[in-house]
Amino acid sequence: MIQAFAFYLFAFAVLFSGAMTISSRNPVHSVLWLIFAFFNAAGLMLLVGAEFIAMLLVIVYVGAVSVLFLFVVMMLNIDFAELRQGFVRYLWPGLALAGALAVEMFVAVGAWSLGPIELGRRAAPINGKTPNIEAIGDLLYTRYLYIFEGAGLVLLVAMIGAIVLTHRKRGGVKPQNVARQVARRPQDAVRMVDQPVGQGVEL
């Protein structure tokens, strides 16, 4: 009973936060709703016993990807009013993509209801006593090592691209000259003035 209540609670929170993510006018609010969706999706993964995926959602997606989204949204000079002008133009491609995803979900649910999927010869069964984190780590660092390293390189390129975008030159911003600040002498920064009594201060 408690598991069913938790499942419906997490599922409703994921659907609601997902709808708020795409319908919020403020992009910062959209990212915050996305973080809320990730947390509830992690709760769903814990219910089915996939604690590794749950920790990935919390550590990687909430702790890294969502924070990167916030940095990009807040640090880049993006004109969101201009971005919203092309909403109608991309409406039909978006609806087509949503329909394709819905069809895939119905096919996946139908295939799951038909029975268990038979594993091929290369897929070895996992021992029930082995934790899924240990089993996934064994596969990642043996059979899928190069694919795992390739995914790391893709994330590295994405991180470098985000840093380059945040450090681009923008007009109206006074940059910091570190060499000039270090070379500045105390006598150049402070001026001693013998101010007479009863007169104003000369700036």
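Keep in mind that this is a model prediction, so the values were computed, not measured. (Residues numbered from 1 in each chain as written. Predicted model: local features only at pLDDT ≥ 70, side-chain atom pairs only at ≥ 80, totals over all residues. Heavy atoms only, no water.)

What to know about the overall build of the protein chain
Step number 1: Secondary structure assignment for the protein chain yields nine helices and zero strands.
Step number 2: Taken from the N to the C terminus, the helices and strands of the protein chain come in the order α-α-α-α-α-α-α-α-α.
Step number 3: Taking all 203 residues of the protein chain together, the buried fraction comes to 14%.
Step number 4: Taking the contacts inside the protein chain whose residues are at least 6 apart along the sequence as the reference set, 55% of them involve residues at least 24 apart.
Step number 5: Surface exposure of the protein chain reaches about 17,400 Å², of which carbon and sulfur atoms provide 70%. (Helix = DSSP H or I, 4+ residues; strand = E, 2+ residues; numbered from the N terminus. Buried < 20%, exposed > 50% of the residue type's maximum accessible area, 1.4 Å probe, protein only. Contact = heavy atoms within 4.5 Å. Areas by Shrake-Rupley, 256 points an atom, 1.4 Å probe, with all protein chains shown as cover.)

Considerations on the layout of surface pockets
Step number 1: Each pocket or cavity is described by its volume, and for the second largest pocket that value is around 350 Å³.
Step number 2: Lining the second largest pocket we find 15 residues, and of these A64, L68, L155, A158 and M159 sit closest to its centre.
Step number 3: Only helix 3 (51-75) and helix 7 (145-166) provide two or more residues apiece to the lining of the second largest pocket.
Step number 4: Among the residues making up the lining of the second largest pocket, the classes are represented as 13 nonpolar, two polar and no charged. (1 Å grid on protein atoms, 1.4 Å probe; cavity = no way out; pocket = protein on both sides within 12 Å on 5 of 7 lines; lining within 4 Å. Points joined across faces, edges and corners; volume = space filled by probe spheres on them. Nonpolar A, V, L, I, M, F, W, Y, C, P; charged D, E, K, R; others polar.)

Focus on the side chain of N40
Step number 1: Mapped onto the secondary structure, N40 falls in helix 2 (residues 27-47).
Step number 2: By relative accessible area, N40 is classed as buried at 8%.
Step number 3: For N40, the side chain forms a polar contact with the main-chain oxygen of F36, separated by 2.6 Å.
Step number 4: Residues in contact with N40, not counting those within four places in the same chain, are F10, A13 and V14. (Polar contact = N/O pair within 3.5 Å; in protein donor to acceptor, adjacent residues only side chain to side chain.)

Here we look at a nonpolar patch on the surface
Step number 1: Together, L46, M55, L56, I59, V60 and Y61 give the surface a local cluster of nonpolar side chains, amounting to about 520 Å² of exposed area.
Step number 2: When residues in the nonpolar patch are grouped by element, the largest group, five residues, is from helix 3.
Step number 3: Secondary-structure assignment places L56 in helix 3.
Step number 4: For L56, a relative accessible area of 34% translates into the label partly exposed. (Patch = residues over 30% accessible without salt bridge, like charges linked within 9 Å, V, L, I, M, F, W, Y side chains within 5 Å. Salt bridge = Lys/Arg side-chain N within 4 Å of Asp/Glu carboxyl O.)

A few points about the nonpolar core
Step number 1: Of all hydrophobic cores here, the largest spans nine residues; its members are V31, I35, F38, A41, A42, A54, L57, V62 and L70.
Step number 2: Of all the secondary-structure elements, those providing two or more residues to this core are helix 2 and helix 3.
Step number 3: No other element matches helix 2, which puts five residues into this core.
Step number 4: Among residues more than four places away in sequence, those in contact with A41 are V14 and L57. (Core = buried A, V, L, I, M, F, W, Y, C linked by side-chain atoms within 4.5 Å.)

Notes on the packing of aromatic side chains
Step number 1: The full count for this structure, using the stated rule, is six aromatic pairs.
Step number 2: Relative to F16, the ring of F12 has its centre 6.2 Å away and its plane inclined at 15 degrees; by these criteria the two rings are stacked. Here F16 and F12 lie together in helix 1 (residues 2-23), a separation of four residues that amounts to about one turn.
Step number 3: Since its relative accessible area comes to 40%, F16 is described here as partly exposed. (Phe/Tyr/Trp six-rings, centres within 6.5 Å; stacked < 30°, edge-to-face > 60°.)

Considering the confidence of the model for the protein chain
Step number 1: Model confidence for the protein chain is summarised by a mean pLDDT of 80, while 83% of its residues fall at 70 or above.
Step number 2: Mean pLDDT across the elements of the protein chain bottoms out in helix 4 (residues 80-84) (64) and peaks in helix 7 (89). (pLDDT = per-residue confidence, 0-100.)

Some remarks on helix 2
Step number 1: Taking 1.5 Å of rise per residue, the 21 residues of helix 2 would be expected to cover 30 Å, and the 31 Å separating its terminal C-alpha atoms lies within 8% of that figure.
Step number 2: Among all positions in helix 2, only P27, S30, V31, I35, A37, F38, N40, A41, A42, G43 and L44 are buried.
Step number 3: Downstream of helix 2 by a residue or two, G49 has a phi angle that is positive, lying close to 85 degrees. (Expected span 1.5 Å × (residues − 1).)

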